[in-house]
Amino acid sequence: MEKVLKAFYKSSIITSLILLTLGILLIFESEATILSISYIIGGCLIAAGLTAIINFFRTKIKDSFTELNIVYGIVTSIAGILIIKNPHVIGSFIPIVIGVGIIINSAMKLQYAFELKNLHNHMWKATMIISIISTLCGIILLFNPFAGAVILTKIIGGFIIAYALLDIFSTYTIKKNVVEIKNAIENDVMEAEVVDEKTTKKKR
């Protein structure tokens, strides 16, 4: 369990730092950042499509599965070309993808806040408030009420930076109490097993 929590802490910090960098780039280099993301995604799709097409022609025995390769390859390659030719289209999807990710991550942090509360740790309130604020940032990005605004990209960048900073603080708080949280989770599991065992004995 401790390894899982440590892995969660590490991945959360890395994700927050990546988002922090992305937010800064969206504020100061909006156009270049969106173009770069679009070209990378488009290039990856074209590469995946061409690989599928090559695999189709390399395969000697054709069946329904290999035939899907050629269809997948053509569709993916065309999608990649369209994204590269219209790079600004990706800009409209960035808030949705990041918004969903933030909401999922914040929900996990909220769970840890409840664990801290059960342990009577005074940091549970701060962790919960940060999780709620982060969730609101995710919802705002997801529904994107700023559509059509001239400074849309910069606003998105600001929300991403705010979330990243809050998430780093929240993750640091959880890390400081990782042992307590681990013990609480293990105790809950043991209590559940004891109750289940008693229930089974009564039925017998």
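The structure we're discussing is the one just above.
Below: a short report on this structure. (Residues numbered from 1 in each chain as written. Predicted model: local features only at pLDDT ≥ 70, side-chain atom pairs only at ≥ 80, totals over all residues. Heavy atoms only, no water.)

1. Things to note about the overall build of the chain
Counting its regular elements, the chain contains 7 helices and 0 strands. Its helices and strands in sequence order give the chain the pattern α-α-α-α-α-α-α, from N to C terminus. Looking at the chain residue by residue over its 204 residues, the buried ones come to 36%. In the chain, once contacts between residues fewer than 6 apart in sequence are set aside, the share between residues at least 24 apart is 76%. Accessible area of the chain: about 12700 Å², with a carbon and sulfur share of 71%. (Helix = DSSP H or I, 4+ residues; strand = E, 2+ residues; numbered from the N terminus. Buried < 20%, exposed > 50% of the residue type's maximum accessible area, 1.4 Å probe, protein only. Contact = heavy atoms within 4.5 Å. Areas by Shrake-Rupley, 256 points an atom, 1.4 Å probe, with all protein chains shown as cover.)

2. Points about the environment of glycine 42
Among the secondary structure elements, glycine 42 is positioned in helix H2 (residues 30–58). The exposure class assigned to glycine 42 is buried, which follows from its relative accessible area of 0%. As a C-alpha pair, glycine 42 and isoleucine 81 span 39 residues in sequence and 6.3 Å in three-dimensional space. Setting aside residues up to four positions removed in sequence, glycine 42 forms contacts with Gly80, Ile83 and Ile84.

3. Side note on the packing of aromatic side chains
Counted according to the given criterion, the structure contains 1 aromatic pair. Here the aromatic rings of phenylalanine 56 and phenylalanine 57 are separated by 5.2 Å at their centres, their planes lie at 80°, and the arrangement is edge-to-face. Residue classification places phenylalanine 56 among the buried positions, given a relative accessible area of 14%. When its relative accessible area of 62% is taken as the criterion, phenylalanine 57 is described as exposed. One Lys or Arg, lysine 117, reaches over the ring of tryptophan 124 and ends 5.0 Å from the middle of that ring. (Phe/Tyr/Trp six-rings, centres within 6.5 Å; stacked < 30°, edge-to-face > 60°. Lys NZ or Arg CZ within 6 Å of the ring centre and 35° of its normal.)

4. Digging into a nonpolar patch on the surface
Where nonpolar side chains cluster on the molecular surface, the patch consists of Val89, Phe93, Ile96, Val97, Val100, Ile104 and Met108 and spans about 600 Å² of accessible area. With respect to the element layout, methionine 108 can be found in helix H4 (residues 89–118). The class for methionine 108 is partly exposed, based on a relative accessible area of 35%. (Patch = residues over 30% accessible without salt bridge, like charges linked within 9 Å, V, L, I, M, F, W, Y side chains within 5 Å. Salt bridge = Lys/Arg side-chain N within 4 Å of Asp/Glu carboxyl O.)

5. Remarks on the pattern of salt bridges
Inspection of the entire model under this criterion finds 1 salt bridge. A salt bridge links lysine 109 to aspartate 167; the shortest N-O distance between them is 2.4 Å. Here lysine 109, found in helix H4, pairs with aspartate 167, found in helix H6 (residues 152–176); they are 58 residues apart in sequence, far enough to count as distant. Using a relative accessible area of 1% as the deciding quantity, one classes lysine 109 as buried.

6. Things to note about the nonpolar core
Ranked by internal contacts, the top residues of the largest apolar core, which has 20 residues, are Leu19, Leu22, Leu26, Ile98, Leu141, Ile156 and Ile160. For this core, the secondary-structure elements that each account for two or more residues are helix H1 (2–28), H4, helix H5 (124–143) and H6. Of all the elements, H6 adds the most residues to this core, at 8 residues. Setting aside residues up to four positions removed in sequence, isoleucine 160 forms contacts with Leu19, Leu22, Gly23, Leu26, Ile98 and Leu141. (Core = buried A, V, L, I, M, F, W, Y, C linked by side-chain atoms within 4.5 Å.)

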